[in-house]
Amino acid sequence: MTKRKIRPVPDLKDWLSASAQEVGKYKKPRSRRRFKMKRMQMPQVSRTAVPSTFTVMNMVCGYASIVTASSGDLVASGWFIIFAALFDAIDGFIARLTNSSSEFGLELDSLSDLVSFGAAPAFLAYKSGLEVLGLVGLLLSAMLMIGSGLRLARFNSQFTGYKEYFSGLPTPSQAMTVAASAVWFSSESILTDEHKLWVLMALALVLPLLMISKVRYEKLPKPTQEEFQKRPLKFSLLIIASVIILAFQAKGLFVIMLCYILAGIVRSLYDFFFEEMPNEKIAEPNSPVSSEFSKKQPS
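Worth saying up front: this structure is predicted, and the values here are computed from it rather than measured.

### Considerations on the packing of helix H2 (residues 49–70) against helix H3 (residues 74–97)
Okay, step 1: At a minimum axis distance of 8 Å, the contact between H2 and H3 shows a crossing angle of 170°. Looking at the two axes, H2 sits roughly antiparallel to H3.
Okay, step 2: Here the contact of H2 with H3 is composed, by residue class, of 17 nonpolar, six polar and two charged.

This is the structure in structure tokens:
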């Protein structure tokens, strides 16, 4: 019989050291790092930052309007909506002036408008008198916000560039109409509570329909000399409206907004019933057209 050789048991210390060496072969080498001071660069401010700042101020005014209306200060709530419309006009003017329109600015402007000209005037109308109708008043006031949302969504989906008119009542116009009525009715006792309720109900029903309609409404003209020479009547009406608003404040703004709304309706009815005829050029006697025509006439 052959004797089996018995392997000696390795020492534990030697076995651990050998295992560590085997594992060390597969470890990635650690990168050596040293401290280095990097040069700081100031962030560059893009051209879209300036109009976006006014857009954010528009959103803040809309939120402030909701907060003040919930506390019962309807006058301050209405003025915050009017200030939001002012910031909205400024940011659009600056974006066109600096040619800094962007997709980000368009989306931010729509979100701000939904807050300031959708949720804020709807809540203001609810707190101004529709609250007494309960669920019916809640639904009526919600129509203002729904109409604003549909109007803004349609504008974003069909936006192709600058146009000379709005398709449907702009959301700032309906918001200023509601805000001016709330400020005027809260400051002066010219109507009874019942009459105020009827006015608010009419606004809550008519304004959303005009926003989602195809009624054409004029845009504010660009403040340039070329635009003034091209449309002097529009600039004259704008100056007169500004003077009336400065003189009579909320009541003047409410009357101007009603005139603006009615002007769009009247213009759309006129365009619907009366078709514009193409201009026909009358040929002069010595022109080639008249001479050719005279040749074809029988003698």
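### Notes on the packing of aromatic side chains
Okay, step 1: Using the criterion set out here, one finds six aromatic pairs in the structure.
Okay, step 2: When the ring of tryptophan 184 is compared with that of phenylalanine 185, the centres are 5.8 Å apart and the planes differ by 25°; the resulting orientation is stacked. Phenylalanine 185 carries the same exposure label as tryptophan 184, and that label is buried.
Okay, step 3: Measuring from ring centre to ring centre gives 5.2 Å for tyrosine 217 and tyrosine 260, while their planes differ by 40°; the resulting arrangement is tilted. A residue pair is termed long-range when its members are at least 10 positions apart, and tyrosine 217 in strand E2 (residues 216–218) and tyrosine 260 in helix H9 (residues 232–273) qualify at 43 residues.
Okay, step 4: Members of the aromatic cluster, connected to one another through ring pairs, are Trp184, Phe185 and Phe254.
Okay, step 5: Its guanidinium or amino end placed over the ring of phenylalanine 166, lysine 219 lies 5.0 Å from that ring's centre, counting from NZ or CZ.

### Brief notes about the pattern of salt bridges
Okay, step 1: Following the criterion strictly, the structure yields five salt bridges and no others.
Okay, step 2: Salt-bridge contacts for lysine 127 lead to glutamate 131; the nearest nitrogen and oxygen are separated by 3.7 Å.
Okay, step 3: Classification of lysine 127 as partly exposed rests on a relative accessible area of 26%.
Okay, step 4: Overall, the relative accessible area of 37% leaves glutamate 131 in the partly exposed class.
Okay, step 5: Here lysine 251 and glutamate 188 are joined by a salt bridge, their closest N and O atoms 3.0 Å apart. Note that lysine 251 is positioned in helix H9 and glutamate 188 in the loop between helix H6 (171–187) and helix H7 (193–211), a separation of 63 residues in sequence.
Okay, step 6: A single salt-bridge network, built from bridges that share partners, covers Glu218, Lys234, Arg267 and Asp271.

### Some thoughts on the environment of glycine 264
Okay, step 1: By the secondary structure assignment, glycine 264 is in helix H9.
Okay, step 2: For glycine 264, a relative accessible area of 5% translates into the label buried.
Okay, step 3: Sequence separation between glycine 264 and glycine 168 is 96 residues, and the spatial gap between their C-alpha atoms is 9.0 Å.
Okay, step 4: Those residues within four positions of glycine 264 in sequence are excluded, and the remaining contacts are Val215, Arg216 and Tyr217.

### Some remarks on the nonpolar core
Okay, step 1: Among the nonpolar cores identified, the biggest contains 25 residues, and Ile81, Leu124 and Leu253 are the most heavily contacted of them.
Okay, step 2: When residues of this core are assigned to their parent elements, the largest contribution, eight residues, is made by H6.
Okay, step 3: In this structure leucine 124 touches Ala69, Leu74, Ser77, Gly78, Ile81, Val178, Ala179 and Ala182, once residues within four positions along its chain are discounted.
Okay, step 4: Listed in part, the 17 residues of the second largest apolar core include Ala125, Leu203, Leu207 and Met211.

So, how was this worked out
Within every chain, residues take consecutive numbers counted from 1 along the sequence as written. In view of the model being predicted, local features appear only for residues whose pLDDT reaches at least 70, and side-chain atom pairs are presented and counted only at 80 or more, with totals across whole chains, interfaces and linings using the full set of residues. The side-chain figures draw on all heavy atoms in the structure; neither hydrogens nor water molecules are used. In this analysis, axes come from line fits to C-alpha atoms, helices being fitted only over the stretch in contact, and the angle between any two N-to-C directions falls in the range 0 to 180 degrees. Numbering of helices and strands starts at the N terminus; helices are DSSP runs of H or I of at least 4 residues and strands are runs of E of at least 2. We call two directions roughly parallel when the angle between them is under 35 degrees, roughly antiparallel when it is over 145, roughly perpendicular when it lies between 65 and 115, and oblique otherwise. Under the scheme applied, nonpolar residues are Ala, Val, Leu, Ile, Met, Phe, Trp, Tyr, Cys and Pro; charged residues are Asp, Glu, Lys and Arg; polar residues are all the others, including Gly. Centres within 6.5 Å are what make two rings of Phe, Tyr or Trp a pair, Trp counting through its six-membered ring; a difference in plane orientation under 30 degrees is then read as stacked, over 60 as edge-to-face, and the rest as tilted. Partly exposed residues are those whose accessible area sits between 20% and 50% of the maximum for their type, while under 20% is buried and over 50% is exposed, using a 1.4 Å probe and protein chains only. A ring is scored as having a charge over it whenever the NZ atom of a lysine or the CZ atom of an arginine sits within 6 Å of its centre and within 35 degrees of its normal. Criterion for a salt bridge: a side-chain nitrogen of Lys or Arg within 4 Å of a carboxyl oxygen of Asp or Glu. Contact definition: two residues touch when any of their heavy atoms are within 4.5 Å. Buried Ala, Val, Leu, Ile, Met, Phe, Trp, Tyr and Cys residues form a nonpolar core when they are joined through side-chain atoms within 4.5 Å.

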